[in-house]
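Chain by chain, the residues:
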Amino acid sequence: IDQGFMIGVNQVGDAFSCGDAFLPELVMAGEAMKAAIEVLEPELARRGTQREILGKAVIATVEGDIHDIGKTLVGTMLSAAGFEVYDLGVDVPVSQIIDKAVEVNADLIGVSALLTTTMVKQREVVQAVRESSLSDKVKVMVGGAPVTPDWVAEIGADGYSEDAIGATAVAKELVGKKSA
């Protein structure tokens, strides 16, 4: 996984970042990686070995928003990088995100919003984490087309990226696993 498939996914990600590849290629690379992991993980388990898990991430598109391409791509890239990902889907209430993070003992919550009218739910997620038992452990990343560094600072989120490749690097930093 690390010596073969990750190298390929990273090459496509680098090409995407430079404008030499486009979203369909990035999606295909992520889907190929996901398919490879689904085939290889049972064999690893049979042999008594497993991939290093970098952390547990709960991801969702906030309540009121049904856009999922970016969130799904981030989830695929996080999974490929070694995160255990719990994708709650779209139009997810804050309470459900927090409940799942508690249930799985998450290290990271990632919430997406494509609509400016739903961005306020990202603030609610950050506030809910800070007011819960998760506040000392869980980091919150936000993303989506209208999200800016100013918004991230205003709501007190821990991380942000404009794309899935950057989000993976930020996630690794937030859980203390620097990108190689």
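The rules behind the values
Residues numbered from 1 in each chain as written. Predicted model: local features only at pLDDT ≥ 70, side-chain atom pairs only at ≥ 80, totals over all residues. Heavy atoms only, no water. Patch = residues over 30% accessible without salt bridge, like charges linked within 9 Å, V, L, I, M, F, W, Y side chains within 5 Å. Areas by Shrake-Rupley, 256 points an atom, 1.4 Å probe, with all protein chains shown as cover. Salt bridge = Lys/Arg side-chain N within 4 Å of Asp/Glu carboxyl O. Helix = DSSP H or I, 4+ residues; strand = E, 2+ residues; numbered from the N terminus. Pairing = 2+ DSSP bridges. Contact = heavy atoms within 4.5 Å. Axes fitted to C-alpha atoms, helices over the stretch in contact; angles between N-to-C directions. Parallel < 35°, antiparallel > 145°, perpendicular 65-115°, else oblique. Left-handed = near helix turned anticlockwise from the far one by under 90°. Nonpolar A, V, L, I, M, F, W, Y, C, P; charged D, E, K, R; others polar. Buried < 20%, exposed > 50% of the residue type's maximum accessible area, 1.4 Å probe, protein only. Polar contact = N/O pair within 3.5 Å; in protein donor to acceptor, adjacent residues only side chain to side chain. Right-handed = clockwise from strand over helix to strand, strands pointing away.

1. A short note on a nonpolar patch on the surface
A cluster of nonpolar residues, Leu23, Val27 and Ile69, forms a patch on the protein surface that exposes about 240 Å² of accessible area. Residue position: Ile69 is located in helix H3 (residues 69-81).

2. Some remarks on the sheet that holds strand S1 (residues 55-61)
What the 5 strands build is an open sheet, ordered S2-S1-S3-S4-S5; its pairing is parallel. Each of the sheet's edge strands pairs with one partner strand only, and the pair in question is strand S2 (83-87) and strand S5 (159-160). Inspection of the sheet shows S1 paired to strand S3 (residues 108-112) by 5 bridges, in the parallel sense. Note that in S3 the partner of Ile59 across the bridge is Gly110. Where helix H4 (residues 94-104) meets the sheet, its contacts fall on S1, S2 and S3, and the angle it forms with S1 comes to roughly 165°. Across the sheet, helix H5 (residues 120-130) lies against S3 and strand S4 (139-143), angled at about 180° from S4, the strand it touches most.

3. Topic: unusual backbone geometry
Within the chain, Asp91 stands out as a residue other than glycine whose phi angle is a positive 55°. Note that Asp91 resides in the loop between S2 and H4.

4. Concerning the packing of H3 against helix H7 (residues 164-174)
In the contact formed by H3 and H7, the axes pass within 9 Å of each other and the chain directions differ by 50°. Taken together, the axes of H3 and H7 are oblique relative to one another. Where H3 crosses over H7, the two elements pack in a sense that is right-handed. Here Leu73, Val74, Met77, Leu78 and Ala81 of H3 lie close against H7, whose contacting residues are Ala164, Ile165, Ala167, Thr168, Ala171 and Lys172. Residues belonging to the contact of H3 with H7 are distributed by class as follows: 9 nonpolar, 1 polar and 1 charged.

5. Some words on H7
Along an α-helix, a turn takes 3.6 residues, which lines up residues three or four apart on a common side. If you check which residues of H7 are buried, you get Ala164, Ala167, Thr168, Val170, Ala171 and Lys172. Structurally, the start of H7 carries an N-cap: the backbone nitrogen of Ile165 is 3.2 Å from a side-chain oxygen of Asp163. Immediately beyond the C-terminal end of H7, within one or two residues, lies Gly176, with a positive phi of roughly 85°.

6. Quick look at the pairing of S4
Among the 5 residues that make up S4, 4 are buried, leaving the element largely enclosed by the rest of the structure. Where S3 lies against S4, 5 bridges are found, and the strand directions are parallel. By the bridge assignment for S4, Gly110 is matched with Met141. The handedness of the S3 to S4 crossover, carried by H5, is right-handed. Here 2 bridges tie S4 to S5, and the two strands are oriented parallel to one another. Along S5, the bridge assignment pairs Val142 with Tyr160.

7. Structural notes on the pattern of salt bridges
What the rule picks out here adds up to 10 salt bridges. Its salt-bridge partner being Glu31, residue Lys34 comes within 3.6 Å of it at the nearest N-O pair. Taken together, the residues span about one helical turn, with Lys34 and Glu31 both in helix H2 (residues 23-46) at a distance of 3 residues. By relative accessible area, which is 38% here, Glu31 ends up partly exposed. The salt bridge partner of Asp107 is Lys137, with a shortest N-O separation of 2.7 Å. Here Asp107, found in the loop between H4 and S3, pairs with Lys137, found in the loop between H5 and S4; they are 30 residues apart in sequence, far enough to count as distant. For Lys137, a relative accessible area of 33% gives the class partly exposed. Among the charged side chains, a salt-bridge network with shared partners connects Glu43, Arg46 and Arg47.

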